[in-house]
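One letter stands for each residue in the lines below.
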Amino acid sequence: MNAAMHDAPVTRNLRKLGAVAMFMCRLLAQCGPAFARPRLIVNQVYNAGARSLVIIMLSGLFVGMVLALQTFQLLQRFGSEEALGTAAALALLKELGPVITALLFAGRAGTSLTSEIGLMRATDQLTAMEMMAVDPLRYVAAPRFLGGVLTMPLLAAVFSVIGLYGAQLIGVHLMGVDRGSFWSQMQSAVGVNDVVEGVTKSAAFGFACSLIAVYEGYYAEPTAAGVGLATTRTVVASSVLILLLDYVLTACFL
Amino acid sequence: MTGSDKPALNSVASTSDVLIDVRDVHYAIDGRAIFDGINLQVRRGRITGIMGPSGTGKTTLLRLMTAQAFPDRGQVLAWGEDLETLSSKQVFAVRKRMGMLFQNGALLTDLDVFENVAFPVREHTDLPEPLLRTLVLTKLQAVGLRGAAELMPAELSGGMARRVALARAIVMDPELLIYDEPFVGLDPISRGMIVRLVRQMNEALGITSIVVSHDVLELASIAHESYLLSGGKVVAAGTPQELKDSSLDVVRQFMEGSAEGPVPFHYPAPDYLAQLLSVEDP
């Protein structure tokens, strides 16, 4: 602790990275046993997923609508308005769906996970489990982590579908793009690979966001200020990591 | 009720009689010494009190006894095993023989009272549901809260939460029960109830108990023997009567609740008058 406080920032960050990596290994080792209690995972899918649905759907709708407006203007310059469906679908499936969903997930579910686990630490609930010979990693952290990992691709899919609906609403009903062209061009241009890219990205973001949220909560200082700081760190670290991973994964898929 | 019929603290206890043995433990946090060579023994079937002013490391001592922390030097033995040499699996096995009552209850907030008490049973056994129900209701009846089985922790008063936590602590029939400040923040009725429950657990179930507290009167009414910690050491040990009769200044100050004595009331500070007259910021 003392050593960590006096370290240079680089050493401190490297030390933290190592701690997160070790935590990840311990967490992954507990994921198998956690599947023995599917009820806990289902609860977390409900908490992280179902409770985020409204914000995800609303955001998806508006992002799709804005995307259609902007893209339509651009395509109009080249006389390719009919390609609006393809452009919207590719942008939503490969980029906007996974990234914006992950950012919203970090802000809504990630902070909730961190503060919940941090408060459990502050109120001795995790210590009580350890004293009952129950590993809190297995009972508390692993189900929440798995819930987040499973939820993110589902939320990203919902975001993309609603986004497409929003794009169609603007493109077809407001801008007058032919409905048949909108959907048929999309069908012929969007391949399985594009869907795989989007799903892979959202799964990776789900993994990263959930890991950070659970780690920060698990090691939050057991005070009100400590939990608050941990929550802030979750949002900041998740957001940066999402954008970094997005670049890396996009480059890999090219 | 203070166990005068049992052997005195300074008599030689056989090894099998000792459940927890703290031997010459030194422990520091961030370079600040908390313990400077303390020794104490918790004997089977007895209520052992650990007293001391706030900040003397009573809760830290419990952490050392339960393998949540390890001494920098010295040994903590539980059932004859050095806790520091045990694997995490073996530590969990030792903890299954203990029950712990936390200062704030530490109930799991997403489970109701019944499920909180059932939690360790569900985790460690495959008891059929009717049997589990009977077991949990029996324990809740013992603490007088069978009727509160369906309440959530947020709906309980402080005293009720602590009684539920006590039911949870005894549901696996531990050999050793550890109470961390069980009387703090309770009204007289709840405090009296907890005192009676601690005594009943010891007498009816034969459970060995460690009670960490600075409530002298309550502890004196139930403990067979007590240790007084101060300045990182055990400054006195004995039956409540022996502590009461002690001529040591630190013991007298603690037992009488006096501000004057070897344990300073004031945190170290510069001269009072000089600081008041000073124009500098505090």
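Relevant structure appears above.
Basis of the calculations
Residues numbered from 1 in each chain as written. Chains lettered and ligands numbered in written order. Predicted model: local features only at pLDDT ≥ 70, side-chain atom pairs only at ≥ 80, totals over all residues. Helix = DSSP H or I, 4+ residues; strand = E, 2+ residues; numbered from the N terminus. Contact = placed C-beta atoms within 7 Å. Axes fitted to C-alpha atoms, helices over the stretch in contact; angles between N-to-C directions. Parallel < 35°, antiparallel > 145°, perpendicular 65-115°, else oblique. Left-handed = near helix turned anticlockwise from the far one by under 90°. Nonpolar A, V, L, I, M, F, W, Y, C, P; charged D, E, K, R; others polar. Buried ≥ 20, exposed ≤ 12 C-beta atoms within 10 Å, placed from the backbone. Pairing = 2+ DSSP bridges.

**Q** Whenever I open this one, the environment of isoleucine 55 of chain A confuses me. Can you help?
**A** Residue and element names in this part refer to chain A. Looking at the secondary structure, you find isoleucine 55 in helix α4 (residues 53-77). Residues isoleucine 55 and glutamate 216, 161 residues apart in the sequence, show an inter-C-alpha distance of 24 Å. Discounting chain neighbours no more than four positions away, the residues touching isoleucine 55 are Leu104 and Arg108.

**Q** Whenever I open this one, the packing of helix α5 (residues 84-122) of chain A against helix α10 (residues 224-253) of chain A confuses me. Can you help?
**A** Axis angle and axis distance: for two packed helices, these are the angle between their axes and the distance between the axes, and together they describe the pair. Residues and elements named next belong to chain A. The interhelical angle for the contact between α5 and α10, taken along N-to-C directions, is 150 degrees, at an axis separation of 9 Å. For the element pair α5 / α10, the angle class is roughly antiparallel. Viewed along their axes, α5 and α10 form a crossing whose handedness is right-handed. Of the residues in α10, those touching α5 at Val99, Ala102, Leu103, Ala106, Gly107, Gly110, Thr111, Thr114, Ser115, Gly118, Leu119 and Ala122 are Gly226, Val227, Ala230, Thr231, Thr234, Val235, Ser238, Ser239, Ile242 and Asp246. Its residues assigned to classes, the contact of α5 with α10 comprises ten nonpolar, eleven polar and one charged.

**Q** Mind showing me how you'd approach the pairing of strand β9 (residues 225-230) of chain B here?
**A** For a regular strand, the rule is simple: side chains alternate between the two faces of the sheet. Residues and elements named next belong to chain B. With six of its six residues buried, β9 lies for the most part within the structure. As paired elements, strand β3 (residues 47-51) and β9 share four bridges and run parallel to each other. Note that in β9 the partner of threonine 48 across the bridge is glutamate 225. Pairing geometry for β9 and strand β10 (residues 233-238), over five bridges, is antiparallel. Note that in β10 the partner of tyrosine 227 across the bridge is alanine 237.

**Q** Just checking my understanding: could you explain the interface of chain A and chain B for this structure?
**A** Buried accessible area, meaning the area lost when the parts come together, often serves as the stated size of an interface. Contacts between chain A and chain B engage twelve residues on the former and 16 residues on the latter. For the side of chain A that touches chain B, the leading source of residues is helix α6 (residues 125-131) of chain A, giving five residues. Here the side of chain A that touches chain B is composed, by residue class, of six nonpolar, four polar and two charged.

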